[in-house]
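# A look at the structure
What follows is the residue order along each chain.
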Amino acid sequence: MKFFIDTANLAQIKEAHDLGVLDGVTTNPSLMAKEGIKGEEAVMKHYMAICELVDGDVSAEVIATDYENIIREGEALAAMHPQIVVKVPMIKDGIKAIKYFSDKGIRTNCTLVFSTGQALLAAKAGATYVSPFIGRLDDISSNGVGLIQEIVDMYQYYGFETQVLAASIRHTQHIIDCVKAGADVATCPLDSILGLLNHPLTDIGLAKFLSDHQQVNS
Ligand code: G3P
């Protein structure tokens, strides 16, 4: 299972990268805005800075919602750096654009996916990744992880190569549930990744090891 970090914050990306387990980064317009990145030039510069920090895939989202401009923006993003994956919303023109990019060998991440039917379209269009938003489904009393399971099963049954990238992860247990559901990737906030480190028995065990060591070595 691959780990991506879901942020545009360079310090957090660096912290996750330094842990040695990071496979990539996802961003979106909200996450870029949160970092105060505005204007096309600043956005491009920020994507370059992220690509220089990490080794894996970096999802960069188009703003356009019409076919011609999705293609124009996506081609510019993909040309910027080989690590860039063009993130395209799950809309009619987005699906057409994903098919175009796929035919051209440009990798894509189909975002804002909330149903198995949408995931089917993304896979048929040739998306590299599909991003079901599990936290936002849970927010409306729907089953986010259940959707991951359904999509994983469907892709396996039909042999689709699109990777299931669980997004909108809100906490550490979401990551564990996505592992159990067979997601290919989880894109997570830094805190959720760091939460995987924690277990009270680890803390108790380590304290005992250190105190036993101290006792005979002092
Ligand atoms: O990857 C999508 C993610 O950034 C959305 O997360 O918490 O805004 O639903 P959230």
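A short tour of the structure in this document, coming up. (Residues numbered from 1 in each chain as written. Predicted model: local features only at pLDDT ≥ 70, side-chain atom pairs only at ≥ 80, totals over all residues. Heavy atoms only, no water.)

### As for the overall build of the protein chain
A tally of helices and strands in the protein chain yields eleven helices and eight strands. Structurally, the protein chain occupies a C-alpha span of about 70 × 40 × 30 Å along its principal axes. The 218 residues of the protein chain split such that 46% are buried. Expressed as a percentage of contacts within the protein chain between residues at least 6 apart in sequence, the contacts between residues at least 24 apart total 57%. For the protein chain, the exposed surface amounts to about 11,200 Å²; the carbon and sulfur share of it is 54%. A gap of 3 Å separates the mean positions of the 17 positive and 27 negative side-chain charges of the protein chain. (Helix = DSSP H or I, 4+ residues; strand = E, 2+ residues; numbered from the N terminus. Buried < 20%, exposed > 50% of the residue type's maximum accessible area, 1.4 Å probe, protein only. Contact = heavy atoms within 4.5 Å. Areas by Shrake-Rupley, 256 points an atom, 1.4 Å probe, with all protein chains shown as cover. Lys, Arg positive; Asp, Glu negative; His and termini not counted. Charge placed at Lys NZ, Arg CZ, Asp CG, Glu CD.)

### What about helix α1 (residues 10-18)?
Looking at where α1 begins, the residue whose side-chain oxygen comes 3.0 Å from the main-chain nitrogen of Ala11 is Asn9. Backbone geometry just downstream of α1 places Gly20 in the positive-phi region, at approximately 85 degrees. (Polar contact = N/O pair within 3.5 Å; in protein donor to acceptor, adjacent residues only side chain to side chain.)

### Examining unusual backbone geometry
Phi angles above zero are rare outside glycine, and Leu112 is one such case at about 65 degrees. Residue placement: Leu112 occurs in strand β5 (residues 108-113). Within the chain, Ser141 stands out as a residue other than glycine whose phi angle is a positive 60 degrees. The topology assignment puts Ser141 in the loop between α7 (134-139) and α8 (144-158).

### Some words on the pairing of strand β8 (residues 185-188)
Regular strands place side chains that alternate from one sheet face to the opposite one. Burial of the side chains of β8 extends over both faces: Val185 and Thr187 are buried on one face and Ala186 and Cys188 on the other. Bridge count between strand β1 (residues 2-6) and β8: four bridges; the pairing is parallel. Counted as the bridge partner of Ile5 is Cys188 from β8. As paired elements, strand β7 (residues 163-166) and β8 share two bridges and run parallel to each other. Within β8, the residue paired with Leu165 across the bridge is Val185. At this point the chain moves from β7, through helix α9 (residues 172-181), to the parallel β8, and the crossover so formed is right-handed. (Pairing = 2+ DSSP bridges. Right-handed = clockwise from strand over helix to strand, strands pointing away.)

### As for the sheet that holds strand β3 (residues 57-61)
In spatial order, the strands read β1-β2-β3-β4-β5-β6-β7-β8; together these eight strands close into a barrel with parallel pairing. Sheet twist, expressed as the mean angle between neighbouring strand axes with direction ignored, is 30 degrees. Against the sheet, helix α3 (residues 40-53) touches β2 (24-26), β3 and β4 (84-89), its axis set at about 165 degrees to β3. Sheet strands touched by helix α4 (residues 67-80): β3 and β4. Its angle to β4, the strand with the most contacts, is close to 160 degrees. (Axes fitted to C-alpha atoms, helices over the stretch in contact; angles between N-to-C directions.)

### Thoughts on the site of the ligand
Around the ligand sit Asp6, Asn28, Leu31, Phe133, Arg136, Ala167, Ser168 and Arg170, and those are all the residues in its vicinity. Taking Asp6, its side chain carries an N or O atom lying 2.6 Å from an oxygen atom of the ligand. Asn28 is positioned such that a nitrogen or oxygen atom in its side chain is 3.0 Å from an oxygen atom of the ligand. When the ligand sits alone it has 310 Å² of accessible area, and the protein chains cover 81% of it. Its residues assigned to classes, the shell around the ligand shows three nonpolar, two polar and three charged. (Near = heavy atom within 4 Å. Nonpolar A, V, L, I, M, F, W, Y, C, P; charged D, E, K, R; others polar.)

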